[in-house]
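# Descriptive analysis of the structure
Next come the chains, spelled out residue by residue.
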Amino acid sequence: MNKKRLLKIIGIVFILFALFRIINPNYTKKIIVLDCSEEYEISVFGREHEGFSYHNSKMDVAKCLCGKYMMTKEKKYESEIRKIINEFDLEDSVYNKTIERICADREEVFFYWYYE
């Protein structure tokens, strides 16, 4: 392969990368836990507020799981709720609380993050 051809290929790859970076398309991811699910968007190259979308979607899933737990009192929902609490280090806000109390206060426990 000669040098001109190699430089052309490198130039085309660079231009395509730059164009793709400017467009920065979004795609949807889905979180499914038991019978609760939530979708959120994320871009290919990421933006600083995209962690908030993931967090807020997990909070919606936790609220859904709490609703299901309050109706059925099944332990499978409790264990998944505890996993979300551990994932986001929410232990301080629910220290010494029963799962019933956590689910009763779910709007305060599973709060959203906002980007300004």
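None of these values were measured; they are calculated from a predicted model.

## Comments concerning the overall build of the protein chain
If you tally the helices and strands in the protein chain, you get 6 helices and 2 strands. Ordered by position in the sequence, the α and β elements of the protein chain form the string α-β-β-α-α-α-α-α. Residue burial in the protein chain is summarised as follows: out of 116 residues, 29% are buried. Contacts spanning at least 24 positions in sequence make up 47% of the contacts within the protein chain whose residues lie at least 6 apart. Summed over all atoms, the accessible surface of the protein chain reaches about 8200 Å², with 57% contributed by carbon and sulfur.

## Description of the pattern of salt bridges
Evaluated as defined, the whole model comprises 9 salt bridges. Here D105 and R101 are joined by a salt bridge, their closest N and O atoms 2.9 Å apart.

## Focus on helix α3 (residues 75-87)
The terminal C-alpha atoms of α3 lie 19 Å apart, and with 13 residues this matches the ideal 18 Å at 1.5 Å per residue to within 8%. The set of residues buried in α3 consists of Y77, E78, E80, I81, I84 and I85. For α3, the angular spread of buried residues about the axis comes to 165°, placing them on one side. One or two steps after α3, the chain reaches D89, where phi turns positive at roughly 50°.

## Observations regarding the pairing of strand β1 (residues 26-33)
Of the pairings in the sheet, the one linking β1 to strand β2 (residues 36-43) comprises 8 bridges and is antiparallel in character. Within β2, the residue paired with N26 across the bridge is S43. Counting the residues that bridge the hairpin from β1 to β2 gives 2 residues, and of these L34 lies at a positive phi of roughly 50°.

## Some remarks on unusual backbone geometry
Backbone geometry at L34 places phi at a positive 50°, although glycine is not the residue there. Mapped onto the elements, L34 comes out in the loop between β1 and β2. Phi angles above zero are rare outside glycine, and K73 is one such case at about 60°. Note that K73 resides in the loop between α2 (50-72) and α3.

## Digging into the nonpolar core
Counting 22 residues, the largest nonpolar core has V61, L65, I81, I84, I85, I102 and F110 as its most contacted members. Only β1, β2, α2, α3 and α5 (99-104) provide two or more residues apiece to this core. By residue number, the principal contributor to this core is α2, which donates 6 residues. Apart from the residues within four sequence positions on either side, L65 is in contact with V33, L34, C36, Y77, E80, I81 and I84.

## Notes on the confidence of the model for the protein chain
In the predicted model, the protein chain carries a mean pLDDT of 84, and 89% of its residues have values of at least 70. Here helix α4 (residues 91-94) stands out as the element of the protein chain with the lowest mean pLDDT, 76, in contrast to α3, whose mean of 90 is the highest.

How each quantity is defined
- Residues numbered from 1 in each chain as written.
- Predicted model: local features only at pLDDT ≥ 70, side-chain atom pairs only at ≥ 80, totals over all residues.
- Heavy atoms only, no water.
- Helix = DSSP H or I, 4+ residues; strand = E, 2+ residues; numbered from the N terminus.
- Buried < 20%, exposed > 50% of the residue type's maximum accessible area, 1.4 Å probe, protein only.
- Contact = heavy atoms within 4.5 Å.
- Areas by Shrake-Rupley, 256 points an atom, 1.4 Å probe, with all protein chains shown as cover.
- Salt bridge = Lys/Arg side-chain N within 4 Å of Asp/Glu carboxyl O.
- Expected span 1.5 Å × (residues − 1).
- Arc of directions from axis to C-beta.
- Pairing = 2+ DSSP bridges.
- Core = buried A, V, L, I, M, F, W, Y, C linked by side-chain atoms within 4.5 Å.
- pLDDT = per-residue confidence, 0-100.

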